[in-house]
Amino acid sequence: MSILLFTLIILIGAYFAGLIGSLTGLGGGFIIIPLLTLLLHVDFHYAIGASLVSVIATSSGSAAAYVKEGITNMRLGMFLEIATTAGAMVGAIVSIYIPGNYIYIVFGCILIFTSIMSLRKKAENITAEKSYLAAKLKLNGSYPTRGGTVEYGVSNVIGGFFMMIFAGIISGLLGIGSGALKVIAMDGIMRVPFKVSTTTSNFMIGVTAAASAVVYFQRGYIDPGISMPVVIGVLLGALSGSKILVNSKSSGWLRWTFTIVVTILAIQMIYHGIMGKI
């Protein structure tokens, strides 16, 4: 395969990774890693390095638009980043000692369970209940809609914080943004509206991935020849996704997109774990 064709395939795949990652809050790593390892036969560690860079690009490309529109809960995101960054550093360090196929299988099972649970939610997750800790930390917020400003409360702050530690560990272990767990923690545990969860996840995943990327960079697993087209493609896709989400009228279709993408991700992880293709 020529270098031109190799780069073109990465650009196209990275664009769709950034588009889907921006819309769902998952980051683009779950597409980048299979693309590089299965289709282009790139070493798994270099694929993780490029994936982490793509997650940073996704966050940078879409988070700015979401913040500008007032959808992202920045205070909540920065508070939860304390947990995810610490977890990401731990995960990246211990990834040397834990067999990756076991991690893939367990994480895949968790994602299938959470995707099924997300389908049971029939309406937008908006609660007026404001916990004491959320009020003290000023985590409650609001976001604009076509019908006016919607205010929401944040609950179970401690439960969400510990879930974010786990999300950070998974990010460091697997080289993905672990946006799925971030969205689940905010949407399911902390009762934050789904659109706010996805946009705040986009805001957070870049910092989480950057913490992991430092470790992979020190090991020499970030190749500029692979990472450069990944960053360009993902950035363009993330910008496209942010425009679509900001102008969307309802998050119902977004929840279905999230569920389908997470299920595909889970099946891929379980299959790779069982077959040892990691």
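Cut-offs used in this document
Within each chain, residues carry numbers counting from 1 in the order of the written sequence. It should be noted that, the model being predicted, local features are given only for residues of pLDDT at least 70 and side-chain atom pairs only at 80 or more, the latter also being counted only at that level, while totals for whole chains, interfaces and linings use all residues. Processing note: side-chain calculations cover all non-hydrogen atoms of the structure and skip hydrogens and water entirely. Aromatic pairs are defined between Phe, Tyr and Trp rings, using the six-membered ring for Trp, whenever the two ring centres lie within 6.5 Å; interplanar angles under 30 degrees are classed as stacked, those over 60 as edge-to-face, and all others as tilted. Accessible area is worked out with a 1.4 Å probe on protein chains only. A residue is then buried under 20% of its type maximum, exposed over 50%, and partly exposed in between. Each helix is a run of DSSP H or I of at least 4 residues and each strand a run of E of at least 2, with the numbering of both proceeding from the N terminus. Strand pairing is assigned whenever DSSP identifies at least 2 bridges connecting the two strands. Note on geometry: axes are lines fitted to C-alpha atoms, helical ones only across the stretch in contact, with angles between N-to-C directions running from 0 to 180 degrees. Here is the rule for angles: anything less than 35 degrees is roughly parallel, anything more than 145 is roughly antiparallel, 65 through 115 is roughly perpendicular, and the remaining ranges are oblique. By definition, turning the near helix anticlockwise from the far helix through less than a right angle yields a left-handed crossing, and turning it clockwise yields a right-handed one. Pairs of residues are marked as contacts when any of their non-hydrogen atoms sit within 4.5 Å. Values of pLDDT, the confidence the predictor places in each residue, fall between 0 and 100. Under the convention adopted here, Pro, Cys and the residues Ala, Val, Leu, Ile, Met, Phe, Trp and Tyr are nonpolar, Asp, Glu, Lys and Arg are charged, and Gly plus all remaining residues are polar.

Asker: Just checking my understanding: could you explain the packing of aromatic side chains for this structure?
Answerer: The geometry of two aromatic rings is summed up by the distance between their centres and the angle between their planes. A full pass over the atoms with the stated rule returns 5 aromatic pairs. A ring pair is formed by Tyr-15 and Phe-16, whose centres lie 5.6 Å apart and whose planes are at 85°; its orientation type is edge-to-face. Owing to a relative accessible area of 29%, Tyr-15 belongs among the partly exposed residues under this scheme. According to the relative accessible area criterion, Phe-16 is partly exposed, its value standing at 45%. Ring centres of Phe-161 and Phe-162 lie 6.4 Å apart, and the angle between their planes is 90°; on these two criteria the pair is classed as edge-to-face.

Asker: I would appreciate a short explanation of unusual backbone geometry in the present structure.
Answerer: Trans peptide bonds make up most of the peptide bonds, and negative phi angles are found at most residues other than glycine. One non-glycine residue, Lys-138, lies in positive phi territory at about 60°. Looking at the secondary structure, you find Lys-138 in the loop between α6 (132-137) and β1 (141-145). Its identity is not glycine, yet Asn-156 carries a phi of approximately 50°, on the positive side. Inspection of the secondary structure assignment puts Asn-156 in the loop between β2 (148-152) and α7 (157-174). The partly exposed category is assigned to Asn-156, whose relative accessible area is 42%.

Asker: So what exactly am I meant to see when it comes to the pairing of β1 here?
Answerer: Looking along a regular strand, one sees side chains alternate from face to face of the sheet. In the sheet, β1 pairs with β2 via 5 bridges, with the strands oriented antiparallel. Each bridged residue has a counterpart across the sheet, and for Tyr-143 the counterpart in β2 is Val-150. Adjacent in sequence and paired antiparallel, β1 and β2 are bridged by 2 residues.

Asker: Help me out: how do you make sense of the packing of helix α8 (residues 179-189) against helix α9 (residues 194-218) in this one?
Answerer: Geometry of a packed helix pair, given as the angle between the helix axes and the separation of the axes. Where α8 meets α9, the closest approach of the two axes is 9 Å, and the angle between their N-to-C directions is 135°. Viewed along their axes, α8 and α9 adopt a mutual orientation that is oblique. For the pair α8 and α9, the crossing hand works out as right-handed. Where α8 abuts α9, its residues Gly-179, Lys-182, Val-183, Met-186 and Asp-187 lie against Phe-194, Ser-197, Thr-198, Thr-200, Ser-201, Met-204, Ile-205 and Thr-208.

Asker: Help me out: how do you make sense of the environment of Ala-134 in this one?
Answerer: Summarising the element assignment, Ala-134 is placed in helix α6. Among the residues examined, Ala-134 registers a relative accessible area of 0% and is labelled buried. Between the C-alpha atom of Ala-134 and that of Val-154, which follows or precedes it by 20 residues, the distance is 6.0 Å. Those residues in contact with Ala-134 that lie beyond four places of it in its chain are Leu-139, Asn-140, Val-154 and Val-157.

Asker: Where do I start with the environment of Lys-138 in this structure?
Answerer: Under the relative-accessibility criterion, Lys-138 is labelled exposed at 59%. Sequence-wise, Lys-138 and Leu-76 are 62 residues apart; in three dimensions their C-alpha atoms are separated by 8.3 Å.

Asker: Honestly, the side chain of Thr-84 in this entry has me stumped. Any pointers?
Answerer: Among the secondary structure elements, Thr-84 is positioned in helix α4 (residues 74-94). A residue is classified by how much of its surface remains accessible, and Thr-84, at 0% relative accessible area, is buried. The residues touching Thr-84, leaving out its near neighbours within four places in the chain, are Met-164, Gly-168, Lys-182, Met-204 and Thr-208.

Asker: Sorry if this is basic, but what is going on with the environment of Leu-111 here?
Answerer: If you trace the backbone, Leu-111 turns up in helix α5 (residues 100-119). Owing to a relative accessible area of 0%, Leu-111 belongs among the buried residues under this scheme. As a C-alpha pair, Leu-111 and Ile-264 span 153 residues in sequence and 9.5 Å in three-dimensional space. Beyond its immediate stretch of four places on either side in the chain, Leu-111 contacts Ala-180, Val-262, Leu-265, Ala-266 and Met-269.

Asker: Would you mind going over helix α2 (residues 29-39) with me for this structure?
Answerer: Along an α-helix, a turn takes 3.6 residues, which lines up residues three or four apart on a common side. The element α2 is largely enclosed, with a buried count of 8 among its 11 residues. All of the buried residues along α2 are Gly-29, Phe-30, Ile-32, Ile-33, Pro-34, Leu-35, Leu-36 and Thr-37. Backbone geometry just after α2 places His-41 at a positive phi near 60°.

Asker: Which parts of the structure should I look at to understand the confidence of the model for the protein chain?
Answerer: Of the residues in the protein chain, 85% reach a pLDDT of 70 or more, and the chain-wide mean stands at 79. α5 is the least confidently modelled element of the protein chain, averaging 71 in pLDDT, while α4 averages 89, the highest of any element.

Asker: Before we go on, may I ask you to explain the packing of α4 against α7 in this structure?
Answerer: For the pair α4 and α7, interaxial distance at closest approach is 6 Å and the crossing angle is 35°. In terms of crossing hand, the pair formed by α4 and α7 is right-handed. Residues Phe-79, Leu-80, Ile-82, Ala-83, Thr-84, Gly-87, Ala-88, Gly-91, Ala-92 and Val-94 of α4 form the contact with α7, whose participating residues are Val-157, Gly-160, Phe-161, Met-164, Ile-165, Gly-168, Ile-169, Gly-172 and Leu-173. A class-by-class count of the residues in the contact of α4 with α7 yields 13 nonpolar, 6 polar and no charged.

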